[in-house]
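Breakdown of the fold
Chain by chain, the residues run as shown.
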Amino acid sequence: MVQIKDRYRLYIGGEWVAPSTRQYFPTYDPSTEETLAEVAKAGPRDIDKAVRAARRALPAWAGMKGAARARVLFAIARILQERAREFAILETLDNGKPIRESRDIDIPLAAAHFFYYAGWTDKLEYALREPGHKPAPVGVCGQIIPWNFPLLMAAWKLAPALACGNTVVLKPAETSPLTCLLLVEVLEEAGVPPGVVNILTGAGETGAALVAHEGVDKIAFTGSTEVGKAIQAKIAGTGKRLTLELGGKGAHLVFEDAALDQAVEGIVRGIFFNQGQVCCAGSRLLVEESIENTLLELLKRRLSTLRIGAPLDKNTDLGAIHSKEQMTRVRSYLESGQDEGAVLWQAFFEAPKKGFWCPPCLFSKVTPSMKIAREEIFGPVLTIQTFRTPQEAIALANNSNYGLSAGVWTDKGSKIFALSKQLRAGVVWANTFNQFDPASPFGGYKESGFGREGGLHGLLPYLARR
Ligand code: ADP
């Protein structure tokens, strides 16, 4: 069983140190509202200390032979696999997501990212050499991650950074820091030298101070578009590098020639995975008009069979909403959708007294101008609009400030190719949704951000030319 300490300090230079702020804050289990542990709040002095530790560790780590760094990354992957069960339980406790997802998706994928980038470590010089230049690390990277996939987002950021020889100061989200803190044990056992990865807990202020620190060469941020824009404004002109992975409002197109039963499963995975708290969720369903009623009925029937409840129960399909704040936000969209004239359907669900819960929700009679069709809800809420022609579907899909993901369901391969070329989204899934692979680049257009994570493309933001 997983051991949770009462209190966690900051991890700087290979040691656990008390925060200069002397402040700690609680992290909760969103399904019970019980405190799991207290974590330290890092202040500017701690950030300075961590950035210096990362700078000191840089020459030796960057100078290591690729094959030697690969051994360390492979070891991280292997230990993560060995301890997957413990990580899955801790992730589910701290985040509220169903254990089935943390066990079968989040933790295995986190390990897979380390395996994948370990494989690149000794090949960079050959694969990415340009005439007169040798690939080199960028330097000290500040990495800021969100609460929806805590360990997986840490892996997405750490694995390519470390593979390229960078050192890191990582800031987990304030409401789900525990798996990143447990990761320290894995890093140490795998032989990551002190100072190569530093982990600082704290909220937005801590993140902002990390962004502002002069000793940071690159910021990699995953989170809201609002904060991403603020970060971009703040570092403009400083010469720091930046990659942003921000919000989304993924369009999910279903044509009348699609295999509808499979499409229903894809739609469910697209929007109800992790209670819809996924930046690439397929939150806008666009259905060919001729099958709207049939699909709606099939969806309602399927959603009525989903099990909502205790995240640690392996039969649970939807766990808890991550926080009170998130619950308030989802509720405000449920109200706004109805106020603007959309029709809400919710699966029957009796919420427990404690914790934050929301059953699967469908909005029909949605028009493109409604807030629920334009803004990212980040909850188990699907909006449904109809189209008559592929052109109309593309126009509706691309009519968004975001451009992270999209999906197409059709029986015709030619239609898939034609449509996916026109969809302005970083990832387009065909006859599936929310499938991830470390070899495949992920990232957005427009207000969904820039830069790619995963695959060869995911290495480039962490490499400089020397
Ligand atoms: P979310 O909607 O996922 O909570 P946020 O953008 O608020 O999105 O948070 C994502 C991460 O960014 C978290 O680790 C959070 O603490 C951090 N963060 C919040 N505000 C700032 C800021 N002004 N500068 C840097 N990081 C921030």
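All of these numbers come straight from a predicted model, not from anything done at the bench.

**Focus: the overall build of the protein chain**
Looking only at helices and strands, the protein chain features 15 helices and 22 strands. Its C-alpha radius of gyration of 22 Å places the protein chain within 12% of the 23 Å reference for a compact globule of 466 residues. Its C-alpha atoms give the protein chain principal-axis dimensions of about 65 × 55 × 40 Å. By the burial criterion, 59% of the 466 residues in the protein chain qualify as buried. Across the protein chain, every contact between residues at least 6 apart in sequence was considered, and the portion connecting residues at least 24 apart equals 75%.

**Re the environment of Asn-166**
Here Asn-166 lies in the loop between helix H6 (150-163) and strand S8 (167-171). Overall, the relative accessible area of 0% leaves Asn-166 in the buried class. When the C-alpha atoms of Asn-166 and Gly-337 are compared, they prove to be 46 Å apart, with 171 residues separating the residues in sequence. In this structure, Asn-166 is in contact with Leu-58, Trp-61, Pro-137, Val-138, Gly-139, Cys-141, Ala-161, Val-196 and Tyr-462, ignoring residues within four places of it in sequence. A distance of 2.9 Å separates a polar side-chain atom of Asn-166 from the backbone nitrogen of Gly-139.

**What to know about the pattern of salt bridges**
Under the criterion given, the structure shown has 19 salt bridges. The salt bridge partner of Arg-55 is Asp-217, with a shortest N-O separation of 2.9 Å. Taken together, the residues Arg-55 in helix H1 (residues 44-63) and Asp-217 in the loop between helix H8 (204-212) and strand S10 (218-222) connect sequence positions 162 residues apart. The salt bridge involving Glu-125 is made with Arg-129; its shortest N-O contact spans 3.4 Å. Note on Glu-125: relative accessible area 33%, which makes it partly exposed. Given a relative accessible area of 47%, Arg-129 falls into the partly exposed group. Put simply, Arg-83, Glu-86 and Glu-185 are held in one network by salt bridges that share partners.

**Overview of the pairing of strand S19 (residues 427-430)**
Of the two faces of S19, the one holding Val-427 and Trp-429 is buried and the one holding Val-428 and Ala-430 is not buried anywhere. Pairing geometry for strand S18 (residues 405-409) and S19, over four bridges, is parallel. By the bridge assignment for S19, Val-408 is matched with Ala-430. This β-α-β element, S18 to helix H15 (residues 413-422) to S19, shows right-handed connectivity.

**Here we look at the sheet that holds strand S4 (residues 24-29)**
Taken in spatial order, the three strands make up an open sheet running S1-S5-S4, and their pairing is mixed. In the strand order of this sheet, the two ends are held by strand S1 (7-8) and S4, each with one partner. As judged from the six bridges shared by S4 and strand S5 (residues 34-40), these two strands associate in the antiparallel manner. Within the sheet, the bridge partner assigned to Asp-29 lies in S5 and is Glu-34. In this fold helix H7 (residues 178-190) packs onto S1, S4 and S5, with an angle of close to 60 degrees to the strand it touches most, S5.

**Some remarks on the sheet that holds strand S15 (residues 361-364)**
Spatially, seven strands are ordered S14-S15-S16-S13-S12-S18-S19 in an open sheet, and the strand pairing comes out mixed. The sheet terminates laterally at strand S14 (343-346) and S19, the two strands that pair on one side only. Adjacent strand axes in the sheet meet at a mean angle of 20 degrees when their direction is disregarded. In this sheet, S15 lies alongside S14 in antiparallel orientation, the contact comprising four bridges. Residue pairing across strands places Gln-346 opposite Cys-361, the latter belonging to S15. Against the sheet, helix H10 (residues 260-272) contacts strand S12 (251-254), strand S13 (284-288), S15, strand S16 (381-387) and S18, and its axis sits at roughly 175 degrees relative to S12.

**Thoughts on the packing of H10 against helix H11 (residues 292-303)**
Put simply, H10 and H11 touch, their axes get as near as 10 Å, and they point 60 degrees apart. The orientation of H10 relative to H11 falls into the category oblique. Between H10 and H11 lies a crossing of right-handed hand. Here H10 contributes Leu-260, Asp-261, Val-264, Glu-265, Ile-267, Val-268 and Phe-272 to the contact with H11, which in turn contributes Thr-294, Leu-295, Leu-298, Leu-299, Arg-302 and Leu-303.

**Points about the nonpolar core**
Ranked by size, the top nonpolar core spans 105 residues in total, and within it Ile-76, Leu-80, Phe-114, Leu-158, Leu-162, Val-254 and Leu-285 carry the most contacts. At eleven residues, H6 tops the list of elements feeding residues into this core. If we skip the residues at most four places from it in the chain, Leu-158 touches Phe-114, Gln-143, Val-168, Leu-170, Leu-183 and Val-197. Ranked by size, the runner-up nonpolar core spans 25 residues in total, among them Tyr-24, Ala-53, Ile-235 and Leu-246.

**Things to note about helix H3 (residues 84-95)**
Taking 1.5 Å per residue as the helical rise, H3 with its twelve residues ought to reach 16 Å, and the 16 Å between its terminal C-alpha atoms agrees with that figure. Most of H3 sits out of view: nine of its twelve residues are buried. Listed as buried for H3 are Phe-87, Ala-88, Ile-89, Leu-90, Glu-91, Thr-92, Leu-93, Asp-94 and Asn-95. Immediately downstream of H3, the backbone of Gly-96 shows phi near 95 degrees, a positive value.

Calculation rules
By convention here, each chain's residues receive numbers from 1 onward along its written sequence. Where local features are concerned, this predicted model is filtered to residues with pLDDT of at least 70; where side-chain atom pairs are given and counted, the filter is 80 or more; whole-chain, interface and lining totals use all residues. Values reported for side chains reflect all heavy atoms of the structure, with hydrogen atoms and water molecules removed beforehand. Per the convention used, a helix needs a DSSP run of H or I reaching at least four residues, while a strand needs a run of E reaching at least two, with both numbered from the N terminus. In this treatment the radius of gyration is a C-alpha quantity, and the globule benchmark scales as 2.2 Å times the residue count to the 0.38 power. Throughout, exposure labels follow a simple rule: accessible area from a 1.4 Å probe, protein chains only, divided by the maximum for the residue type, with under 20% read as buried, over 50% as exposed, and the rest as partly exposed. By the convention used here, residues are in contact when the closest approach between their heavy atoms is within 4.5 Å. Here a polar contact is taken to be a pair of N or O atoms separated by no more than 3.5 Å, where protein atoms must pair a possible hydrogen donor with a possible acceptor and residues adjacent in sequence count only if both atoms sit in side chains. Note on definitions: salt bridges are taken to be side-chain nitrogens of Lys or Arg within 4 Å of carboxyl oxygens of Asp or Glu. By definition, two strands form a pair when at least two bridges between them are found by DSSP. With the strands aimed away from the viewer, a crossover counts as right-handed if its path from the first strand over the helix to the second runs clockwise. The convention used is that axes are lines fitted to C-alpha atoms, helices contributing only their stretch in contact, and that angles between N-to-C directions extend from 0 to 180 degrees. When an angle is under 35 degrees it counts as roughly parallel; over 145 it counts as roughly antiparallel; between 65 and 115 it counts as roughly perpendicular; any other value is oblique. Each crossing is labelled by how the near helix is turned from the far one, with a counterclockwise turn of less than a right angle marking it left-handed and a clockwise turn marking it right-handed. Grouping buried Ala, Val, Leu, Ile, Met, Phe, Trp, Tyr and Cys residues that are joined through side-chain atoms within 4.5 Å yields what is termed a nonpolar core. A helix's residues, less one, multiplied by 1.5 Å, set its expected span.

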